[in-house]
Amino acid sequence: MALLKVKFNQKKRVKLAQGLWLMNWFSVFAGILVFSMGLFLKIELRKRSEVMDNSESHFVPNSLILMGILSCAFNGFAGKICYDSLDPAKFAKWKPLLKPYLALCFVFNILIFFVALICFLMRGSLESTLAQGLKNGMKFYRDTDTPGRCFMKKTIDMLQIEFKCCGNNGFKDWFEIQWISNRYLDFSSKEVKDRIKSNVDGRYLVDGVPFSCCNPSSPRPCIQYQVTNNSAHYSYDYQTEELNLWRRGCREALLHYYSSMMSSMGAVVLLVWLFEMSVMVGLRLLHTSLESIANPEDPECESEGWILENSLKDTLKSALESLKKLGKFNQVEADAEGAEGEEGGKTPAITTVS
């Protein structure tokens, strides 16, 4: 028994073709939207590529861009088919291509669904990429004279100001690295010498943070040096008082920013997928309803359209049998080639008569 069998007359077929033509052009605009989202996300990721450890995070925008281009191409082609289906003479040239095209549409819809899922599942990979990238970026903060790293200070400062964050996981991350360049240290100073000597790696570590960690909304002037020294500041206790530094780490801030963006994009792609599925189902109904016309010379006659010619169970069973036959055929071919190779390898015995 056919799955989702529907009876059509000429009027219904025309309405279905016109509706699908319109839906295909809506899908083209949806493809442009998906392409634009991928492009926007790629630009946003490139803006902060210095604080990302690898290029894996670009898989999502690249996939969205590809899906957007394919959506425009597939739906533009389907729109042409639907338009020509109103004229039997024009539709005849598309008839042999419809089955392969519908198979490609099925694969395309699987890919769209996969991309939508990836948009929701990339959080873990993005978190590790940001954590390592920010850690490396903070290490290079002081290298303002090193080619290739001279803009890292500006990048980190702008990042902390824009996202209202400080450090990787928090402001205390700055205590563990030397973020002040040796160029601006007075090595004749006793304090500088003592701090460098007290560190195993010979680094100048301070309990301070860059200016970009300061919260301008705080009523108190920014305390960015000797943050943990209560005696260095009047009426101050860093453990109990709310510091005038950004509390949130930049990894958390960026992760929330990109995760929210990709989740929203994933939801849009899911809606596009549902729309594409409905278009594919409609196109399949149109295809089968036109093929099942009893008398092609009489376009007014009734016909039947369906999604699958047999039930879902029978279709799956048939597909599995086809795969088994294909596997057996390949095995027989491989055995035949092996047998030929063995025969070819044998050398005939040569006898000499004296």
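Calculation criteria
- Residues numbered from 1 in each chain as written.
- Predicted model: local features only at pLDDT ≥ 70, side-chain atom pairs only at ≥ 80, totals over all residues.
- Heavy atoms only, no water.
- Helix = DSSP H or I, 4+ residues; strand = E, 2+ residues; numbered from the N terminus.
- Buried < 20%, exposed > 50% of the residue type's maximum accessible area, 1.4 Å probe, protein only.
- Contact = heavy atoms within 4.5 Å.
- Salt bridge = Lys/Arg side-chain N within 4 Å of Asp/Glu carboxyl O.
- Axes fitted to C-alpha atoms, helices over the stretch in contact; angles between N-to-C directions.
- Parallel < 35°, antiparallel > 145°, perpendicular 65-115°, else oblique.
- Left-handed = near helix turned anticlockwise from the far one by under 90°.
- Nonpolar A, V, L, I, M, F, W, Y, C, P; charged D, E, K, R; others polar.
- Phe/Tyr/Trp six-rings, centres within 6.5 Å; stacked < 30°, edge-to-face > 60°.
- UniProt positions renumbered as here; feature names shortened; annotations may be inferred.
- pLDDT = per-residue confidence, 0-100.
- Patch = residues over 30% accessible without salt bridge, like charges linked within 9 Å, V, L, I, M, F, W, Y side chains within 5 Å.
- Areas by Shrake-Rupley, 256 points an atom, 1.4 Å probe, with all protein chains shown as cover.
- Disulfide = S-S within 2.5 Å.

1. Remarks on the environment of L102
Among the secondary structure elements, L102 is positioned in helix α4 (residues 95-121). The exposure class assigned to L102 is buried, which follows from its relative accessible area of 9%. Beyond its immediate chain neighbours, meaning those up to four positions away, L102 contacts M280, L283, R284 and H287.

2. Section: the pattern of salt bridges
What the rule picks out here adds up to 9 salt bridges. A salt bridge links E162 to R48; its shortest N-O distance comes to 3.1 Å. In this pair, E162 sits in helix α6 (residues 152-163) while R48 sits in the loop between α1 (10-47) and α2 (59-84), placing the two residues 114 residues apart along the sequence. Residue E162 is classed as exposed on the basis of its relative accessible area of 51%. The salt bridge involving R183 is made with D145; its shortest N-O contact spans 2.8 Å. Highlighted residues: R183 in the loop between α6 and α7 (190-197) and D145 in the loop between α5 (123-139) and α6, separated in sequence by 38 residues.

3. Topic: the packing of α1 against helix α8 (residues 250-291)
A pair of packed helices is captured by two measures, namely the crossing angle of their axes and the spacing between those axes. It is the contact of α1 with α8, at a shortest axis distance of 9 Å, that shows an interaxial angle of 155°. The angle between α1 and α8 places the two elements in the roughly antiparallel class. Regarding α1 and α8, the two cross each other, and that crossing is left-handed. Taken together, the residues of the contact of α1 with α8 sort by class into 26 nonpolar, 5 polar and 3 charged.

4. Description of the packing of aromatic side chains
Summed over the entire model, instances satisfying the criterion amount to 11 aromatic pairs. Consider the rings of F113 and W273, whose centres lie 4.8 Å apart with planes at 45°: the pair is tilted. Of this pair, F113 sits in helix α4 while W273 sits in helix α8, placing them 160 residues apart in sequence. In this structure F113 comes out as partly exposed when scored by relative accessible area, which is 32%. Between the aromatic rings of Y257 and Y258, the centroid separation amounts to 5.2 Å while the plane-to-plane angle is 65°, which identifies the pairing as edge-to-face. Taken together, the aromatic side chains of F74, F77, Y101 and F108 make up a single cluster linked through ring pairs.

5. Quick look at the packing of α5 against α8
Two numbers describe how α5 lies on α8: the axes approach to 10 Å, and their chain directions differ by 145°. Note on packing geometry: the crossing formed by α5 with α8 is right-handed. In contact with R123, L126, E127, L130, A131 and L134 of α5, α8 contributes C250, R251, L254, L255, Y258, S259 and M262. Residues belonging to the contact of α5 with α8 are distributed by class as follows: 9 nonpolar, 1 polar and 3 charged.

6. Re the side chain of R284
Relative to the elements of secondary structure, R284 occurs in helix α8. Apart from residues no more than four positions distant in its own chain, R284 is found in contact with L102, W306 and I307.

7. Here's the deal with the environment of A131
Note that A131 resides in helix α5. A sequence separation of 119 residues divides A131 from C250, and the C-alpha atoms of the two residues are 8.9 Å apart. In this view, A131 contacts N168 and R251; residues no more than four positions away in its chain are not counted.

8. With respect to the UniProt feature "transmembrane region" (unreviewed entry) in the protein
Those places that UniProt annotates as "transmembrane region" (unreviewed entry) correspond, in this numbering, to residues 20-41, 101-122 and 255-275. As a span, residues 20-41 carries 100% helix and 0% strand, and end to end its C-alpha atoms are 31 Å apart. Each end of residues 255-275 is marked by a C-alpha atom, and these two atoms are 30 Å apart; helix forms 100% of the span and strand 0%.

9. Observations concerning the confidence of the model for the protein
Of all residues in the protein, 82% have pLDDT values of 70 or greater, and the mean over the chain is 82. The secondary-structure element of the protein with the lowest mean pLDDT is helix α9 (residues 312-345), recorded at 62, while α6 shows the highest, at 93. Low pLDDT (under 50) marks residues 349-354, which in the prediction has 0 contacts with non-local residues, meaning those over four places away or in another chain.

10. Points about a nonpolar patch on the surface
Taken together, the side chains of W21, L22, W25, F26, F29, I32 and Y83 define a hydrophobic patch exposed on the protein surface, amounting to about 760 Å² of accessible area. In terms of residues, the nonpolar patch owes the most to one element, α1, which gives 6 residues. In this fold, F26 is placed in helix α1.

11. With respect to the state of the cysteines
Within the structure shown, the criterion is met by 3 disulfides. Bridging C165 to C250, the disulfide has an S-S length of 2.1 Å. One disulfide, between C165 and C250, carries an S-S torsion of 85° and so falls in the right-handed class. Taken together, the positions of C165 in the loop between α6 and α7 and C250 in helix α8 put the pair 85 residues apart, joining distant regions of the chain. With a relative accessible area of 1%, C250 lands in the buried category. In the protein, the bonded cysteines, numbered by position in the sequence, are linked as 1-6, 2-3, 4-5.

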